[in-house]
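Listed here are the chains, written in short residue letters.
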Amino acid sequence: MQFIKEIIAFINETKKWWLVPLIFVLLIVSLLIIFADSAVAPFIYSLF
């Protein structure tokens, strides 16, 4: 949780708002990889 707070503080302090969508997309892709063994797997293959 501390890591997330530090990232948010960094984005606020340096005004690098372009990092927000990048982090969001990386989070979604990582969740898709984690749940690849479940029912989400057919949808992952259609993305790539």
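What counts, and where the lines are drawn
- Counting restarts for each chain: residues are numbered from 1 in the order of the written sequence.
- With pLDDT at 70 or above as the cut-off, local features in this predicted model cover only qualifying residues; side-chain atom pairs require 80 or more to be listed or tallied, and sums for whole chains, interfaces and linings still use all residues.
- Water and hydrogen atoms were dropped before computing side-chain values, which therefore reflect all heavy atoms in the structure.
- Think of it this way: any DSSP run of H or I at least four residues long counts as a helix, any run of E at least two long counts as a strand, and we number them from the N terminus.
- Think of it in three bands: with a 1.4 Å probe and only protein chains considered, a residue is buried below 20% of the maximum accessible area for its type, exposed above 50%, and partly exposed in between.
- Methods summary: accessible areas were calculated by the Shrake-Rupley approach with a probe of 1.4 Å, and residue burial reflects only the protein chains presented.
- Lines fitted to C-alpha atoms define the axes here, with helix axes fitted over just the stretch in contact, and angles between the N-to-C directions of these axes take values from 0 to 180 degrees.
- An angle below 35 degrees is treated as roughly parallel, one above 145 as roughly antiparallel, one from 65 to 115 as roughly perpendicular, and anything else as oblique.
- Here, residues are in contact when the closest pair of their heavy atoms is within 4.5 Å.
- Here the nonpolar group is Ala, Val, Leu, Ile, Met, Phe, Trp, Tyr, Cys and Pro; Asp, Glu, Lys and Arg are the charged ones; every other residue, Gly included, is treated as polar.
- One less than the residue count of a helix, multiplied by 1.5 Å, gives the span that helix is expected to have.
- A residue's pLDDT is simply how confident the predictor is in it, with values from 0 to 100.
- What makes a patch is a set of residues exposed beyond 30% relative accessible area and free of salt bridges, joined within 9 Å when like-charged and within 5 Å when nonpolar (Val, Leu, Ile, Met, Phe, Trp, Tyr).
- By definition, a salt bridge exists where a carboxyl oxygen of Asp or Glu is found within 4 Å of a side-chain nitrogen of Lys or Arg.

Colleague: Mind showing me how you'd approach the overall build of the protein chain here?
Modeller: In terms of helices and strands, the protein chain carries three helices and zero strands. Mapped in sequence order, the helices and strands of the protein chain form the string α-α-α. A buried classification covers 8% of the 48 residues belonging to the protein chain. Carbon and sulfur atoms form 77% of the exposed surface of the protein chain, whose accessible area is close to 4,400 Å².

Colleague: Explain the packing of helix α1 (residues 2-14) against helix α2 (residues 19-34) to me, please; I cannot follow it from the model alone.
Modeller: Axis angle and axis distance: for two packed helices, these are the angle between their axes and the distance between the axes, and together they describe the pair. In contact at an axis separation of 11 Å, α1 and α2 are set at 155° when each is read in the N-to-C sense. Classified by the angle between their axes, α1 and α2 sit roughly antiparallel to one another. Contacts between α1 and α2 involve Ile7, Phe10 and Ile11 from the former and Leu19, Val20 and Ile23 from the latter. For the contact of α1 with α2, the residue count by class is six nonpolar, no polar and no charged.

Colleague: Looking at this structure, how should I read unusual backbone geometry?
Modeller: Leaving glycine aside, a negative phi is the common case for residues, and trans is the common case for peptide bonds. Even without being glycine, Lys15 reaches a positive phi, approximately 55°. Take Lys15: it is sitting in the loop between α1 and α2. The exposure class of Lys15 is exposed, given its relative accessible area of 56%.

Colleague: What should I look at first to understand α1 in this one?
Modeller: An α-helix turns once every 3.6 residues. As a result, residues three or four positions apart point the same way. For α1, built from 13 residues, the straight-helix expectation of 18 Å at 1.5 Å per residue is met to within 8% by its first-to-last C-alpha distance of 18 Å. Within two residues after α1, Lys15 carries a phi angle of roughly 55°, on the positive side.

Colleague: So what exactly am I meant to see when it comes to the confidence of the model for the protein chain here?
Modeller: The predicted coordinates ought not to be read in detail in places where the model reports low pLDDT. When pLDDT is averaged across the protein chain, the result is 81; 75% of the residues are at 70 or more. Averaged over each element, pLDDT in the protein chain is lowest for helix α3 (residues 41-47) (67) and highest for α1 (89).

Colleague: So what exactly am I meant to see when it comes to a nonpolar patch on the surface here?
Modeller: On the surface, a cluster of nonpolar side chains totalling about 460 Å² of accessible area is made up of Phe24, Val25, Ile28, Val29 and Ile33. When you line up the elements, Ile33 lands in helix α2. With a relative accessible area of 61%, Ile33 lands in the exposed category.

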